[in-house]
Structure formats: C-alpha cells, structure tokens
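# Close look at the chain arrangement
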Amino acid sequence: YDSMGVLMLAPGATHVDLIREKFQYIFRTIPSDQDAGRQLAGFAGLQGFRRMAIYSLDDEYGRGLAKFFANGIQSLGILVSDRRVYEADGTHNFRPVLESWKTLKLDAIFLAATMPQGAEIIAQAREVGMTLPVLGSDGLDSPELWRIAGKAAEGTVVFSVFHPGDPRSNVKDFVAAFQSAYGKVPDVWAALGYDTVKLLAEAIKRADTTVPGEVAAALRKLRDWYGVTGTHNFSQTGELSGKPIIKKIARNGKFEYVPEGFLR
C-alpha cells in the first residue's frame, strides 16, 4: 500500500511492525501490542499482584502481546512464574499445565488469547480448582466467552477499547443505530470499523481533497478526534497514541465496567 501511495487505516492490526518510520500512508486506529501490553501491565500492578503466569496464542499477536505484557509487569517487580503457548487449531487439553500452575502460588493469570481456546483455558482452570483472577486480552472480548466457558467465565477481566454500555451520547446513538440496522448490539470490531471510516471522512473533509498524501497529512494534524472508541491522535509515523484501554468484567452473562479499585 505505502509503495503505491495508497492510504490505509487499520482498525484491527496490532503488531508493532505495521507502523514504520519510512511509511507515509499507513495508520492504525487500535492500540499496538506494545501500547496495550504497557497499559495492561500497569493495571496488573495496581491490583497488587506479585506472581503471574501467561498463556498465549502461538502467533504474532499472542507472542507479541505476551512479550510486552511480561516486560511491563517485570519492570514493576511482578514475577512471571511461567509462560506457555498454544496452537490455534483444534481443541486442547490445558489441564496438565494448569495443574502445574497450582503449585506456583500465583496471584493471577494473563491470557494473550483468542476464541475459542481462551474460553477453554478459563473453563479448564476452574475445573481443576483454580479460583485466582484471570485477565484476558481483547481477543476474549466476545459473547463467546460465556457461551463456551459458562459460569467459569464469571469474574474474567477483559481489556478492550469499546463498551456498548458506555453512557456517552455518541456511543448511545451508535449502538441504537446499529441495533436498528442489524438487530444486535455492536461489538468492538464494529465500533473500531465505524470510527475508522468516520476518521477517514473527517480527514478528507479537512483536506478538502481525496489525494492520499494530503489526507494522510490531515490525519496527522488531527488532535483528540472523539469517536465511540475514545480519542484519537496520530504520531508523524501514523501510530495511534494516547488511546486508553478500558477494563470489562464478565458478570451474569454480560460485560460490565471494572471498578477502579482492586479486583480482590
């Protein structure tokens, strides 16, 4: 895209290598794995955790997010007692690893995972008697969490950039319009896609042209553009900056905001 001068806004690509200094036309509208890992680590530190284990999907997303999260919590003095990866295909028996973790005196588990295996890990953790807090990446931000894990999903904290129950007026309007059009509540990917298209429209309006270079320049000049997933600012390289991650907790078959205090 960049070599051909085509503007690209990526609402779901989190790998750090997407954004490079030499690129002129590439932007992302979701926090990178590095940014997300830093914010998630800060949250874990505020909870008072001292020992954690990490299970991650064995791909670029899982390994990258797990690495940045591990680096973040270690810088805060939290011990990474164990790290494991899993393959995305098929179903798995996670119980042997989870049983071994019961001897590590963990305070919490972090899952850099996607569905359905992320929910399977949670369900199996509860089956083997683990009751400690589970923190999950945005890959678990899905109703599939409790469809697969059932009651075991209760109390799981998931990180995201969107909550359809957000009381802000623009979120309420978006959710109502989406439900009217599609008969269901929008998920995080619908919200990210919506904001990304609106961002592009705003940049075209400000540039008063569709010439890619000028639209890209307009995107870089935007300050605190306010969408349903929060504020947006871009660095000169096209990296999203300053977009906060929200915390949601699974309760009674739905996600609620996590209180700012400790989980325990």
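Residues numbered from 1 in each chain as written. Predicted model: local features only at pLDDT ≥ 70, side-chain atom pairs only at ≥ 80, totals over all residues. Heavy atoms only, no water.

Geometry of an aromatic ring pair is reported as the spacing of the ring centres plus the angle between the planes. Tallied over the entire structure, the rule returns 12 aromatic pairs. Consider the rings of Phe162 and Phe174, whose centres lie 6.0 Å apart with planes at 75°: the pair is edge-to-face. Residue Phe162 is found in the loop between strand 7 (157-160) and helix 6 (169-182), and its partner Phe174 is found in helix 6; the two are separated by 12 residues along the sequence. On the accessibility criterion, Phe162 (2% relative accessible area) is buried. Measuring from centroid to centroid gives 4.7 Å for Phe178 and Tyr182, while their planes differ by 50°, and the two rings are tilted. Placement of the pair is Phe178 and Tyr182 together in helix 6, with a separation of 4 residues, close to one helical turn. Note on Tyr182: relative accessible area 59%, which makes it exposed. Each member of the aromatic cluster is reached from another via a ring pair, and the members are Phe162, Phe174, Phe178, Tyr182 and Tyr194. (Phe/Tyr/Trp six-rings, centres within 6.5 Å; stacked < 30°, edge-to-face > 60°. Helix = DSSP H or I, 4+ residues; strand = E, 2+ residues; numbered from the N terminus. Buried < 20%, exposed > 50% of the residue type's maximum accessible area, 1.4 Å probe, protein only.)

It is worth spelling out the pattern of salt bridges at this point. In total, this model carries 11 salt bridges according to the counting rule given. Among the ionic pairs, Arg28 bridges to Glu239, the shortest N-O distance being 2.6 Å. On the criterion of sequence distance, the pair formed by Arg28 in strand 2 (residues 26-28) and Glu239 in the loop between strand 9 (230-232) and strand 10 (246-251) is long-range, its members being 211 residues apart. Side by side, Arg28 and Glu239 carry an identical accessibility label, which is buried. Arg63 is the partner of Asp58 in a salt bridge, and the nearest nitrogen-oxygen pair spans 2.8 Å. Since its relative accessible area comes to 27%, Asp58 is described here as partly exposed. Judged by relative accessible area, Arg63 falls into the partly exposed class, the value being 36%. One network of salt bridges, with partners in common, ties together Asp58, Glu60 and Arg63. (Salt bridge = Lys/Arg side-chain N within 4 Å of Asp/Glu carboxyl O.)

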